Amino acid sequence: MIPLLSKTLTIPSLPLRCSTRLTLTPHSLFTRFTSTPTPTQTRPMSSDSIQRVFQLKLDPLTGNSEWVIIEDGNKEEEETFKSSSNALLATTSYLDMLNDDTRNRAFREAIDKTITKPCHVLDIGAGTGLLSMMAARAMGTCDDSKGMVTACESYLPMVKLMRKVLNLNGMGKNVKIFNKRSDELQVGVDIPSRADVLVSEILDSELLGEGLIPTLQHAHDMLLVDNPLTVPYRATTYGQLVESTFLWKLHDLSNNEEEASDRIRLVPAGLDTILRVKAKQHPMHCDAISKEINLLSEPFKIFEFDFWKRPDSQGDSKLLIKATNDGRIHAVVSWWILQLDSEGTIFYSTAPRWIASPIATYTGNWCDHWKQCVWFIPGEGVPISKGEEVHLHAVHSDTSVSYNLATQATEIRECDSIAGDSHLTLSPERIAIYGDRKWRSCMLTALKNLLQARVHPLCVVADDSVFLSLLVAHLSKTSNVIALFPGLRERGVQYLKAVADANGITADRIEVFQKKKYLTLNDTKQKKVDLLIGEPYYYGNDGMLPWQNFRFWKERTMLDSVLAEDVLIMPCKAMLKACAMSLPDLWKSHRCLSKIEDFDHSIVNNTLGACGDLPAPLEGPLLPFFIWQCGETKELSETFTIMEFDFSKSIGPCYGKAQVEFTEQGMCHGFVLWIDWVMDAKNSVVLTTGPDERYWKQGVKLLSQPVAVGGRGSSTGNCCSTLLEASFDPSSGELAVKHVWS
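Residues numbered from 1 in each chain as written. Predicted model: local features only at pLDDT ≥ 70, side-chain atom pairs only at ≥ 80, totals over all residues. Heavy atoms only, no water.

**Here's the deal with the overall build of the protein chain**
Alright, step 1. For the protein chain, the count of helices and strands is 14 helices and 40 strands.
Alright, step 2. Burial statistics for the protein chain: of 742 residues in total, 60% are counted as buried.
Alright, step 3. Total accessible area computed for the protein chain in this model is approximately 29,500 Å², and 48% of it derives from carbon and sulfur atoms. (Helix = DSSP H or I, 4+ residues; strand = E, 2+ residues; numbered from the N terminus. Buried < 20%, exposed > 50% of the residue type's maximum accessible area, 1.4 Å probe, protein only. Areas by Shrake-Rupley, 256 points an atom, 1.4 Å probe, with all protein chains shown as cover.)

**Let's talk about the packing of helix H10 (residues 437-451) against helix H11 (residues 466-475)**
Alright, step 1. Two numbers describe how H10 lies on H11: the axes approach to 11 Å, and their chain directions differ by 45 degrees. Taken together, the axis directions place H10 and H11 in an arrangement best described as oblique. Where H10 crosses over H11, the handedness of that crossing is right-handed. Of the residues in H11, those touching H10 at Trp 439, Arg 440, Met 443, Leu 444, Leu 447, Lys 448 and Leu 451 are Phe 467, Leu 468, Leu 471, Val 472 and Leu 475.
Alright, step 2. Of the residues belonging to the contact of H10 with H11, the class tally is 10 nonpolar, no polar and two charged. (Axes fitted to C-alpha atoms, helices over the stretch in contact; angles between N-to-C directions. Parallel < 35°, antiparallel > 145°, perpendicular 65-115°, else oblique. Left-handed = near helix turned anticlockwise from the far one by under 90°. Contact = heavy atoms within 4.5 Å. Nonpolar A, V, L, I, M, F, W, Y, C, P; charged D, E, K, R; others polar.)

**What to know about the pattern of salt bridges**
Alright, step 1. Scanning the model with the defined rule gives 27 salt bridges in all.
Alright, step 2. Residue Asp 101 is joined to Arg 591 by a salt bridge in which the shortest nitrogen-to-oxygen separation is 3.7 Å. Of the two residues, Asp 101 is situated in helix H3 (residues 101-114) and Arg 591 in the loop between helix H14 (584-589) and strand E30 (595-596); the sequence distance between them amounts to 490 residues.
Alright, step 3. Residue Arg 310 pairs with Asp 221 through a salt bridge whose shortest N-O separation is 2.8 Å. Separated by 89 residues along the polypeptide, Arg 310 in the loop between strand E13 (300-306) and strand E14 (315-322) and Asp 221 in helix H6 (residues 212-223) bring together distant segments of the chain.
Alright, step 4. Exposure remark for Asp 221: the relative accessible area of 34% places this residue in the partly exposed category.
Alright, step 5. Here the residues in one salt-bridge network are Arg 234, Lys 301, Glu 304, Asp 306 and Lys 309, joined through shared partners. (Salt bridge = Lys/Arg side-chain N within 4 Å of Asp/Glu carboxyl O.)

**Observations regarding H11**
Every α-helical turn comprises 3.6 residues, leaving residues that sit three or four positions apart pointing alike.
Alright, step 1. Among the 10 residues in H11, nine count as buried, and that is most of the element.
Alright, step 2. Residues of H11 that are buried: Val 466, Phe 467, Leu 468, Ser 469, Leu 470, Leu 471, Val 472, Ala 473 and His 474.

What follows is the structure, encoded as structure tokens:
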């Protein structure tokens, strides 16, 4: 499948139609990215008779994109819509959310308790219509004209899916659907009167990122009666101060690269924020690192948001927190607890498992649609002693929360880069990679090996690696370096200008090729390229499948006319690796849906990319995950190679297979796949992106049904081997994986 761009395009005077559970966003005005972001971009259009959305599809191997039209009611384009919407919706968190039994039960109990008579119910961000159907059922079958449910969902593919779900459950006439943002609804035009009850689930891991505050503000101003009933009733955010070396390495590149042996400083002295992570709360499954966290405080309450009244756009909370242990404050870990009913008897919590709460009905089930959030304390953190007090100032805007921390001795603030517009904002994982001594040592060794055979090399850095651009120029004083920077572009230029001198590199040593076409001999002054290198890393591809970095191979092919006959390429090849694994939590969260609180959702399984009882030949999609954050996991086989990709040749179709021998007994839920990059022809430097490496996502192929497996000679009768086959399509960048059980 060809993924879709990861930005929202707002066209003046045209209403944006998107969804709460997409990489796009809410029913309202704001953009939200999921933990496994699939790139999307939409441009809306409307007319009196038809709803129309332009969906921008991106080819990850070329960076090229095209607009695809999705229309409501055009039967001729239904098949085109079906394939494109399936590819998109399968990468969202809808399926995981609908498989969250604790969440579903809590909403059903609260809705049944709140809606006791016919009334007007408004569901904002209705998704598949689950809450709308719960509300309609709670009112009973009374024909009272006051009883009605209005479902507001702005993303057209989800609206189409909702209609199918409502009709399947015989509730098509009970719920009136509006394919609009909630702030486009008008009383007296779309709905006859203000709603008495609001039911909605427009929450992300931070709570506010899906536009909760502005959505509630507009609803209270324009769509709801005074003092409405709401489900949920209230949300409260909590936090805790923690020490964690792992969390520190995800943001403090300046201090982590000091001991690197390559002498390159990506963050030179005096430019501490030139390469940084975004100052925001980062969603993460903190349970996965609980053994590496030193808790430095008791949990503390930060903000409280009432759904039943109009919230303020801005707010702050000043807290005095006493340290419970000695340590260094590296981060604030936060979560929220949802009170769904007004009496305070029904709760849902996103707290980590180390938190014991007597009021929360959270059962500790793993889910991916909500995580905890991490706010990094700048630099090396704040040292603190047990019993010492620290001042925490929390501030919230319409869509986010930020923190400022101070002790009696020091105050730590997020500040703008003194380098002005030359700073780069990268993902935490990318910052950690650039600060990793082992990774940098591998890159240094590989480049030294390549440069030994070249005296005055012309080197092209094909990807967005600022590190390799500086390292080549540093190692070879006679080299000429051309950086393509296909994603960074002007940002890469400004960054290099700011740090080159600090690394002893003159401005003319590295040229950034900024033309929107491929490099030609005219651009190289008729000199052939001696070295073509990459990590490979492409800016903005952090959430994609591992083999979608084969853009390097595609670009190597397009540059063939400017490459010397004896060109050296780094990496020289890639190996598709895999391992059979037990993944019970991940499989459960993506299993096929049947009845959810007695409402049939089986019709959405294919569209949402479910695994389980799908009709043949349908299979679940390959999806990217940080395996180390996927709850319970167990390796059931040795790591094996399925196929190799030779970058010395032009890109082409590839096929491979491997016989998988199970070495451990257990339930196999799927196969985890990743890429090992072979950096030199001698195979002396190999960089793996497998499950043990926390900074890269792996691809996961979940089985239709879990299979009991065991090693050969096992007396249990379990399956002991399987044949795994994979094929790579260079026209789309798609990898197809199949298996045959022995």
